[in-house]
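Here is what each chain is made of, one letter per residue.
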Amino acid sequence: MTHTCPVAAVTRLLGSRWTMQIIHHLREPRRYCELQDLVGEVNPTTFTQRLRFLEQQGLIVRREDPENARHVEYALTPKGRELLPILDALAAWAQKWLLHREEYPMSKFHLHPQTRPAAVALTVRDLSRLLDFYQKLLGLRLHRQTEGLAVLGAGGPDLLYLYEERTARRYRGVSGLYHFALLLPDRRELARVIGRLVQAGYPNAPTDHIMTKTTYLDDPEGNGIELYCESPEDGEFVVDGARFYARRRDGTWSDGREPLDLAALFRHLHPGDDLAAPMPPQTRMGHVHLHVGDLEAAMRFYVDVLGFDNKGLMRLFRMGMVSVDGYHHHIGLNTWQGEGAAPAPADAAGLRWFALALPDEAAREAVLANLRRHGVSPEPHELGWQVRDPAHHRVVLTVQPEVVALAAQEEARLRAELMA
């Protein structure tokens with residue numbers, strides 16, 4: 001007979017970030033914006049998902065003013081109110097054992113919440129071959145080209161830099177790029193590019209992560225690529241410290257790695273849609289996923305030194321995720337090339353650097369100051385300043401308001417669609 005552990009059941013219900021804070025602040029009914037302000041720096045999309053999940057679990061109720069449809073407030077149900085003494089006990093325990101200890105400093109540096117991945121640079125051996133792939137098959141556009149360098153994007157910010165070095169070598173068992181992930185604006189555009197790949201017979205792995213719809217592939221030189229769109233209306237990611245899961249909107253669980261229903265995806269295409277059309281200008285760099293040799297050292301660097309938020313360490317999965325602004329992950333980290341994998345040699349093909357876009361010079365100076373406090377000396381780079389993480393990946397800090405503005409525009413559109 002299988003027995004459900006009560007602690008595990010409670011963890012699945014309340015373990016997601018922000019959930020207990022929402023319950024704590026609903027001791028009295030509150031309007032949406034008031035509650036969001038009290039909870040703090042939570043991404044509005046994530047906040048809406050948490051509220052809907054708590055409604056589905058019968059812990060909170062949503063009330064609309066019949067005379068004013070915009071006046072919506074949330075309140076605890078009797079089932080939810082029974083959790084308040086438990087949260088009070090946890091708060092008392094934290095006050096006694098956590099908040100005054102040096103191991104849990106209250107002044108942790110945080111990246112500016114508008115920071116976003118901007119671009120990835122690859123060292124490639126055959127630039128002509130790669131340009132043909134990225135333009136004709138993937139649908140990127142050539143923004144500019146000089147001797148030995150091509151810069152591509154989707155008509156908006158630069159997304160991909162290709163540096164040709166014909167003597168570069170591909171190494172196994174070293175740190176480097178697992179994949180870079182291009183974020184498309186919707187399922188229709190994802191359907192278009194997957195349709196193009198299928199039509200060309202190019203190998204790819206369409207996958208349903210529940211909270212995102214995606215496909216994985218390698219370019220002709222073995223650089224990993226993810227193409228995805230957000231689907232938060234279907235569910236959310238959950239990390240329990242050991243593994244990664246996905247929770248569907250109806251509360252049921254998934255391993256988050258289901259085959260993508262291509263027939264359903266292709267129904268988002270419109271009659272007459274051209275599969276050869278390039279990626280739309282709203283396409284942006286969604287996240288970067290890296291192979292590292294020491295997962296905990298990498299997490300410490302990205303959280304404590306660069307200032308990302310820790311989105312979860314999955315020890316049994318040998319992976320960690322960090323982000324800002326409540327996003328599921330802007331940087332993924334794994335040890336799938338082996339624990340203790342060495343940095344890639346200087347002549348390696350593959351990841352050359354990746355860039356983070358900050359909204360203004362003040363935000364970048366704050367990061368640089370924190371780096372220096374941790375004994376890290378930034379170096380000049382053509383796009384700004386660069387540092388190396390423990391696996392020797394080069395992280396470039398740029399000021400790119402246009403990247404930040406595009407992200408804000410697309411995230412606002414997604415929130416509006418989710419609330420509709």
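Visitor: Explain the overall build of the protein residue by residue, including any values.
Guide: In terms of helices and strands, the protein carries 12 helices and 23 strands. Computed over C-alpha atoms, the radius of gyration of the protein comes to 22 Å, within 12% of the 22 Å expected from 2.2 N^0.38 for 420 residues, which places it in the range of a compact globule. Its C-alpha atoms put the protein at 65 × 60 × 50 Å along the principal axes. Expressed as a percentage of the 420 residues in the protein, the buried residues total 51%. The contacts of the protein with a sequence gap of at least 6 include a subset with a gap of at least 24, amounting to 65%. For the protein, the exposed area adds up to about 19800 Å²; of that, 53% sits on carbon and sulfur atoms. Computed over 49 positive and 54 negative side-chain charges, the separation of the two mean positions in the protein equals 2 Å.

Visitor: Tell me about the packing of aromatic side chains, and please be specific about residues and values.
Guide: Geometry of an aromatic ring pair is reported as the spacing of the ring centres plus the angle between the planes. Tallied over the full model, the rule gives 11 aromatic pairs. With centroids separated by 5.3 Å and ring planes inclined at 40 degrees, the aromatic side chains of F133 and Y202 adopt a geometry described as tilted. With F133 in helix α7 (residues 127-138) and Y202 in the loop between α8 (187-200) and β9 (205-208), this residue pair connects regions lying 69 residues apart in the sequence. Feature note: the residues F133, Y134, F180 and Y202 constitute an aromatic cluster, connected by ring pairs.

Visitor: Talk me through empty space enclosed by the protein; I want residue IDs and the actual numbers.
Guide: It is the rolling of a water-molecule-sized probe over the atoms that shows where space remains empty. Applying the stated rule across the entire model yields five cavities of 30 Å³ or more. Computed from the structure, the largest cavity encloses a volume of approximately 250 Å³. Together, 21 residues line the largest cavity, and E230, R284, Y327, E411 and L414 are the ones closest to its centre. At four residues, the largest contribution of residues to the lining of the largest cavity is made by helix α12 (residues 401-419). Here the lining of the largest cavity is built from residues that sort into eight nonpolar, seven polar and six charged. Computed from the structure, the second largest cavity encloses a volume of approximately 130 Å³. Lining the second largest cavity we find Q49, R52, F53, Q56, P232, E233, G235, E236, R247, R248, R249 and L418. Every element with two or more residues in the lining of the second largest cavity is listed here: α4 (44-56), β12 (235-239) and β13 (244-248). For the lining of the second largest cavity, the element with the highest residue contribution is α4, accounting for four residues. Here the lining of the second largest cavity is composed, by residue class, of three nonpolar, three polar and six charged.

Visitor: Go over the pairing of strand β11 (residues 224-230) with me, naming the residues and quoting the values.
Guide: With respect to burial, β11 is a largely interior element, seven of its seven residues being buried. By the alternation rule, side chains of β11 split into G224, E226, Y228 and E230 and I225, L227 and C229, which are all buried. The hairpin formed by strand β10 (residues 212-218) and β11 contains five residues between the paired strands, and G222 there has a positive phi angle of roughly 90 degrees.

Visitor: Break down the sheet that holds strand β19 (residues 331-334) for me, with residues and values.
Guide: Strand order in this open sheet of nine strands is β15-β9-β10-β11-β8-β16-β19-β18-β17, and the pairing throughout is mixed. Edge positions in the sheet fall to β15 (258-259) and β17 (309-314), since each of these pairs with one other strand and no more. Where β17 and strand β18 (residues 319-323) come together, five bridges link them in antiparallel fashion. Residue pairing across strands places L313 opposite G320, the latter belonging to β18.

Visitor: Outline the environment of E379, supporting the account with residue identities and numerical values.
Guide: Mapped onto the elements of the fold, E379 is located in strand β21 (residues 379-381). Accessibility expressed as a relative area gives 41% for E379, which makes it partly exposed. Through-space distance from the C-alpha of E379 to that of V396 is 9.3 Å; in sequence the pair is 17 residues apart. Excluding residues that lie within four positions of it along the chain, E379 makes contacts with G384, W385 and Q386.

Visitor: Give a detailed account of the sheet that holds β12, specifying residues and quantitative values.
Guide: Read across the sheet, three strands follow the order β12-β13-β14 without closing on themselves; strand pairing throughout is antiparallel. If you trace the sheet from one side to the other, it starts and ends with β12 and β14 (253-254), each paired once.

Visitor: Break down the packing of α4 against α12 for me, citing the residues and quoting the values.
Guide: Viewed as axis vectors pointing N to C, α4 and α12 meet at an angle of 20 degrees, and their least axial separation amounts to 9 Å. Classified by the angle between their axes, α4 and α12 sit roughly parallel to one another. Regarding α4 and α12, the two cross each other, and that crossing is left-handed. Here α4 contributes P44, T45, T48, Q49 and R52 to the contact with α12, which in turn contributes R415, L418 and M419. Each residue belonging to the contact of α4 with α12 can be placed in one class, and the counts come to three nonpolar, three polar and two charged.

Visitor: Could you give an account of the packing of helix α3 (residues 32-39) against α4, with specific residues and numbers?
Guide: Axis separation between α3 and α4 bottoms out at 12 Å; the angle between their running directions is 110 degrees. The angle between α3 and α4 falls in the class roughly perpendicular. Within the contact between the two elements, α3 uses Y32, L35, Q36 and V39 and α4 uses P44, F47, T48 and L51. Split by residue class, the contact of α3 with α4 holds six nonpolar, two polar and no charged.

The rules we used
For every chain, the first residue of its written sequence is number 1, and the numbers climb from 1 along that sequence. Two thresholds apply to this predicted model, a pLDDT of at least 70 for residue-level local features and 80 or more for giving and counting side-chain atom pairs, whereas whole-chain, interface and lining totals are computed over all residues. Hydrogens are left out, water is left out, and the side-chain values use all remaining heavy atoms of the structure. Secondary structure elements follow DSSP: runs of H or I no shorter than four residues count as helices, runs of E no shorter than two count as strands, and numbering proceeds from the N terminus. Taken over C-alpha atoms, the radius of gyration is set against a globule rule of 2.2 Å times the number of residues to the power 0.38. Type-normalised accessible area, obtained with a 1.4 Å probe on protein chains alone, sets the label of each residue: buried when under 20%, exposed when over 50%, and partly exposed for intermediate values. It only takes one pair of heavy atoms within 4.5 Å for two residues to be counted as in contact. Accessible surface is estimated by sampling points in the Shrake-Rupley manner with a 1.4 Å probe; for residues, cover comes only from the protein chains shown. For the charge count, each Lys or Arg is scored as positive and each Asp or Glu as negative, with His and the chain ends excluded. Just so you know, the charge point we use is NZ for Lys, CZ for Arg, CG for Asp and CD for Glu. Here a Phe, Tyr or Trp ring, Trp counted by its six-membered ring, pairs with any other such ring whose centre lies within 6.5 Å, and the pair is stacked when the planes are under 30 degrees apart, edge-to-face when over 60, and tilted otherwise. Points on a 1 Å grid, built from protein atoms alone, make a cavity when a 1.4 Å probe fits but cannot get out and make a pocket when they are open with protein on both sides within 12 Å along at least 5 of 7 lines; residues with an atom within 4 Å of a point are the lining residues. Grid points are joined across faces, edges and corners, and a volume is the space filled by probe spheres set on the points. Any residue that is not Ala, Val, Leu, Ile, Met, Phe, Trp, Tyr, Cys, Pro, Asp, Glu, Lys or Arg is counted as polar, Gly included; the first ten are nonpolar and the last four charged. For two strands to be treated as a pair, DSSP must find no fewer than two bridges joining them. Angles run from 0 to 180 degrees between N-to-C directions of axes, and those axes are lines fitted to C-alpha atoms, restricted for helices to the stretch in contact. Under this scheme an angle from 65 to 115 degrees is roughly perpendicular, one under 35 degrees roughly parallel, and one over 145 degrees roughly antiparallel; angles in between are oblique. Two helices that cross are described as forming a left-handed crossing if the nearer one is turned anticlockwise from the farther one by less than a right angle, and a right-handed crossing if clockwise.

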